[in-house]
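# Understanding the architecture of this molecule
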Amino acid sequence: MKTTIYYFSGTGNSLKVAKNLAEKLGHTEVIPITSAIKENSGILFSSERVGIVYPVYIWGIPQIVSKFIKKISKTNKINYLFAIATNHTQVAGSLMILANRLRSRRLKLSAGFSVIMPNSYTLSQKEHSMDNLKPLFTASEKRLDEISLLIKDENECEIERGPLNQRIINTGLINHFVSFIFPWLDIPFSTDNKCISCGLCEKICPVQNIKLRKGKPVWLHKCEQCFRCINLCPQQSIQYLNKTSGKFRYKNPYVNLDDLIKK
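So, a few notes on the structure that sits alongside this text.

The rules behind the values
- Residues numbered from 1 in each chain as written.
- Predicted model: local features only at pLDDT ≥ 70, side-chain atom pairs only at ≥ 80, totals over all residues.
- Heavy atoms only, no water.
- Helix = DSSP H or I, 4+ residues; strand = E, 2+ residues; numbered from the N terminus.
- Expected span 1.5 Å × (residues − 1).
- Buried < 20%, exposed > 50% of the residue type's maximum accessible area, 1.4 Å probe, protein only.
- Contact = heavy atoms within 4.5 Å.
- Polar contact = N/O pair within 3.5 Å; in protein donor to acceptor, adjacent residues only side chain to side chain.
- Salt bridge = Lys/Arg side-chain N within 4 Å of Asp/Glu carboxyl O.
- Patch = residues over 30% accessible without salt bridge, like charges linked within 9 Å, V, L, I, M, F, W, Y side chains within 5 Å.
- Areas by Shrake-Rupley, 256 points an atom, 1.4 Å probe, with all protein chains shown as cover.
- Phe/Tyr/Trp six-rings, centres within 6.5 Å; stacked < 30°, edge-to-face > 60°.

### Concerning helix H6 (residues 164–178)
- With 15 residues, H6 extends 19 Å from end C-alpha to end C-alpha; this agrees with the ideal 21 Å at 1.5 Å per step.
- Within H6, the full set of buried residues consists of Gln166, Asn170, Thr171, Asn175 and Val178.
- Where H6 is buried, its residues contact helix H4 (94–103).

### What to know about the side chain of serine 47
- Tracing the backbone through its elements, the reader meets serine 47 in the loop between helix H2 (33–36) and strand S3 (49–55).
- A polar atom in the side chain of serine 47 sits 2.5 Å from the side chain of threonine 4.
- When neighbours within four sequence positions are excluded, serine 47 is seen to be in contact with Lys2, Thr3, Thr4 and Ile78.

### A word on unusual backbone geometry
- Phi at glutamine 208 takes a positive value of approximately 50°, unusual for a residue other than glycine.
- Along the chain, glutamine 208 falls in the loop between helix H7 (200–204) and strand S7 (210–213).
- According to the relative accessible area criterion, glutamine 208 is partly exposed, its value standing at 34%.
- Positive phi outside glycine occurs at leucine 241, with the angle close to 50°.
- With respect to the helices, strands and loops of the structure, leucine 241 is situated in the loop between strand S9 (238–240) and helix H9 (257–261).

### A short note on the pattern of salt bridges
- Per the counting criterion, the structure on display carries nine salt bridges.
- Between arginine 49 and glutamate 154 there is a salt bridge, and its shortest N-O distance comes to 3.8 Å. Placement of the pair is arginine 49 in strand S3 and glutamate 154 in the loop between helix H5 (130–152) and H6, with a sequence separation of 105 residues.
- Arginine 49 sits in the buried class, given a relative accessible area of 5%.
- In this structure, the salt-bridge partner of lysine 194 is aspartate 192, at a minimum N-O distance of 2.7 Å.
- On the basis of relative accessibility, which here comes to 21%, the residue aspartate 192 falls in the partly exposed class.
- Each of Lys24, Glu141 and Asp145 takes part in a single network of salt bridges with overlapping partners.

### Thoughts on a nonpolar patch on the surface
- There is a patch of nonpolar side chains on the surface, built from Leu164, Ile168, Ile169, Leu173 and Ile174 and spanning about 450 Å² of accessible area.
- For isoleucine 174, the location among the structural elements is in helix H6.

### Some remarks on H5
- Its 23 residues give H5 an end-to-end C-alpha distance of 31 Å, which sits within 8% of 33 Å, the value for a rise of 1.5 Å per residue.
- Among all positions of H5, only Leu133, Phe137, Ser140, Leu144, Ile147, Ser148 and Ile151 are buried.
- Close packing links the buried residues of H5 with helix H1 (13–25), S3, strand S4 (80–87) and strand S5 (111–116).
- Glutamate 154, located one to two residues past H5, shows a positive phi value of around 55°.

### Considering the packing of aromatic side chains
- Using the criterion set out here, one finds 10 aromatic pairs in the structure.
- Considering the side-chain rings of tyrosine 6 and phenylalanine 45, the 5.6 Å spacing of their centres and the 45° angle between planes classify their relative orientation as tilted. In this pair, tyrosine 6 sits in strand S1 (residues 3–7) while phenylalanine 45 sits in the loop between H2 and S3, placing the two residues 39 residues apart along the sequence.
- Judged by relative accessible area, tyrosine 6 falls into the buried class, the value being 5%.
- Look at phenylalanine 189 and tryptophan 219: their rings are 5.2 Å apart centre to centre, the planes differ by 10°, and that puts the pair in the stacked class. With phenylalanine 189 in strand S6 (residues 189–191) and tryptophan 219 in strand S8 (residues 216–219), this residue pair connects regions lying 30 residues apart in the sequence.
- Cluster of aromatic residues (ring-pair linked, three or more members): Tyr121, Phe189, Trp219, Phe227 and Tyr240.

What follows is the structure in structure tokens.
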């Protein structure tokens, strides 16, 4: 049976998971959500089995995933719909939010899985090496082996969620409040004197939120907070307030820059 996986990825973790899962399932198409939402009409699924892979942002779902769901046609008829939320230990109520949004499009989330991946949030980063990241990637591969078997059998699985306090406080309160101001959370972005006006940040932003003006990036207040611009800046020139200078910058080592640029 053909499967289609739609994904959104900031620094490559969710793309890595989507590609790995596609290999394990076979006969699977992998489509960037950034491309899918460009459709003028409602999104129609061409497969009977569909998956959504995305990173957990502020204990919820990225704004672009919400936009994608709103564009899904209510006429879709599929056998099995699954989702994978990549995160660094706290899935909280993210997949439950996704299930509720999908329900508004007359779709049932048959299974929702949490997959732990390396931390990509620059503000809380510590220095890493491939040696200390390898156990996480090994564990995620094993986890995807288990998930792929469940998907192949189209098992109805309980949607994975974090502890009750995370769901109430982190997802229910913090994420709910921050969602109203989310696009303007790019105000603290800036560049320091290491900026060489290469324009890579403008090129790689998944939502075209960055424009170069007089050789320097300007953020346009439709930010996804994926921190791709910070993490992939070749000069480590982009900063967020005074909290990222000198911090480790992360990109999934198994994903090429060109794969992230694809829109």
